[in-house]
Amino acid sequence: MTNTPILQVENLSKHFDVQTGIFKRETKTVKAATDLNFNICERETLALVGESGCGKTTTTQLLLKLQNPTSGRILYDGEDINTLKGDALKAYRSRVQAVFQDPWSSINPRVRIGDFVSEPLIVNEKVGSNEVDRRVNEALDAVGLRPQDARKFPHEFSGGQRQRIAIASAIISRPRLIILDEPVSGLDVSIRSQIINLFKDLQAEYGLSYILVAHDLATTRYLADRVAVMYLGKIVEQGPTDDVFDAPSHPYTEALLSAALSADPTEKRDEIPMTGEVPSPLNPPSGCAFHPRCHRFIGDICSTQAPALRSHGTGCSVSCHLYNQ
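In its Subcellular location (unreviewed entry) section, the UniProt entry covering the chain states "Cell inner membrane". Its UniProt record, at the heading Sequence similarities (unreviewed entry), says of the chain: "Belongs to the ABC transporter superfamily."

This is the structure in structure tokens:
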């Protein structure tokens, strides 16, 4: 792993205007992602974690250019991806791929596996049919499938095999970065470890970088080099995985880790309460968005002033008034 960033996210925000009310229509703004800053380096895995609705999916859609940002920039090799057009945009889509949670929903049941796997190559690159066949066979072999599987249809494979097919489609264009959106949460427990280890093997073999979106903190700890914890559209804590997991700084991270099941049933941990639900992004709390649920609430400053994300320790940052005093 080097310190050369492949992707840099600078002050990235995505806000949506939505219509509310039945009798009296009113326009409100949903701040799905606000002022996000992070980067991903070669051969590195960055995890985005947090409860549902925290902005992880919106962030990945921005990175994949499925949506355009309201403000901020995404730089790929120093170039703003929102300025890319034509061949430059095709090259970006070829080098940044994705693997999603449900492989069945992403694979057309009427298309043979070879045609599905080769699609990113055919759409984004100019290659001959012989090269396409060779790359399909190479990709299938890399994920533990046989070249003859290319002629089969999706219904002939198990869930774990279909996820391997989706991974083969992601690596066929030889990307530098793959976004893993809950890649094992839909699989049986017995299959998950196989797919997780496959990601590790592919990263070592092809020099891949990953952005991992996950609820499963055990998967996060095993795969990720760094973690960014998101809450209501903002990053509230970021740092090396071991530092964040072993000594979390933000109260939300503390509560999130406390609620996770431990792999060791004899381990004794303090339970940290996190009352209530995630607030509606249509009507977020004033000040620190987490303050209504926070077990370390310190007073009016939490409910009136939004804390900035500041450096805290070595390679870590946290957005909390506890560290701004």
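Tell me about the overall build of the chain, and please be specific about residues and values.
What the chain contains, in helices and strands, is eleven helices and twelve strands. The principal-axis extent of the C-alpha atoms belonging to the chain is close to 65 × 50 × 45 Å. When the 325 residues of the chain are sorted by exposure, 48% land in the buried category. Considering only contacts within the chain whose residues lie at least 6 apart along the sequence, 65% involve residues at least 24 apart. Between the mean site of the 35 positive side-chain charges and the mean site of the 39 negative ones, the chain shows a separation of 6 Å.

How would you sum up the pattern of salt bridges? Please name residues and give values.
Going through the model one piece at a time under the given rule, you end up with 16 salt bridges. As a salt-bridge pair, Arg226 and Glu44 come within 2.6 Å of each other at their nearest N and O atoms. Taken as a pair, Arg226 in strand β9 (residues 226-231) and Glu44 in the loop between β2 (26-41) and β3 (45-49) lie far apart in primary sequence, 182 residues in all. Residue classification places Glu44 among the buried residues on the basis of a relative accessible area of 5%. What emerges from the salt-bridge pattern is a single network uniting Arg95, Glu125, Glu131, Arg134, Arg135, Glu138 and Arg174.

Mind laying out helix α5 (residues 129-142), listing which residues take part and the relevant values?
Across its 14 residues, α5 extends 20 Å between first and last C-alpha, which sits within 8% of the 20 Å expected from 1.5 Å per residue. Listed in full, the buried residues belonging to α5 are Val132, Arg135, Val136, Ala139, Leu140 and Ala142. With its buried residues spanning 155° around the axis, α5 presents them on a single face. Seen from the buried face of α5, the exposed residues on the opposite side, beyond 90 degrees, are Asn130 and Asp141. The elements touched by buried residues of α5 are α4 (113-124), α6 (159-171) and α7 (189-206). Of the residues flanking the end of α5, it is Gly144, one or two places downstream, whose phi is positive at about 90°.

Explain the sheet that holds β3 to me, and be specific about the residues and the numbers.
Strands sit in the order β6-β7-β8-β3-β9-β10-β12-β11 across an open sheet of eight strands; the sheet is mixed. If you trace the sheet from one side to the other, it starts and ends with β6 (96-99) and β11 (310-311), each paired once. Pairing analysis gives two bridges linking β11 to strand β12 (residues 317-318), with the strands arranged antiparallel. Paired with Arg310 across the bridge in β12 is Val318. Running at roughly 155° to strand β7 (residues 177-181), helix α1 (residues 56-63) makes contact with β3, β7, β8 (209-213) and β9 of the sheet.

I'd love a proper account of the pairing of strand β1 (residues 5-20), names of residues and values included.
By the bridge criterion, twelve bridges tie β1 to β2 in an arrangement that is antiparallel. Each bridged residue has a counterpart across the sheet, and for Gln19 the counterpart in β2 is Thr27. The loop that links β1 with its antiparallel partner β2 comprises five residues; one of these, Gly21, has a positive phi angle of about 90°. The pairing of β1 with strand β4 (residues 71-76) spans five bridges and is classified as antiparallel.

Definitions and cut-offs
Residues numbered from 1 in each chain as written. Predicted model: local features only at pLDDT ≥ 70, side-chain atom pairs only at ≥ 80, totals over all residues. Heavy atoms only, no water. UniProt positions renumbered as here; feature names shortened; annotations may be inferred. Helix = DSSP H or I, 4+ residues; strand = E, 2+ residues; numbered from the N terminus. Buried < 20%, exposed > 50% of the residue type's maximum accessible area, 1.4 Å probe, protein only. Contact = heavy atoms within 4.5 Å. Lys, Arg positive; Asp, Glu negative; His and termini not counted. Charge placed at Lys NZ, Arg CZ, Asp CG, Glu CD. Salt bridge = Lys/Arg side-chain N within 4 Å of Asp/Glu carboxyl O. Expected span 1.5 Å × (residues − 1). Arc of directions from axis to C-beta. Pairing = 2+ DSSP bridges. Axes fitted to C-alpha atoms, helices over the stretch in contact; angles between N-to-C directions.

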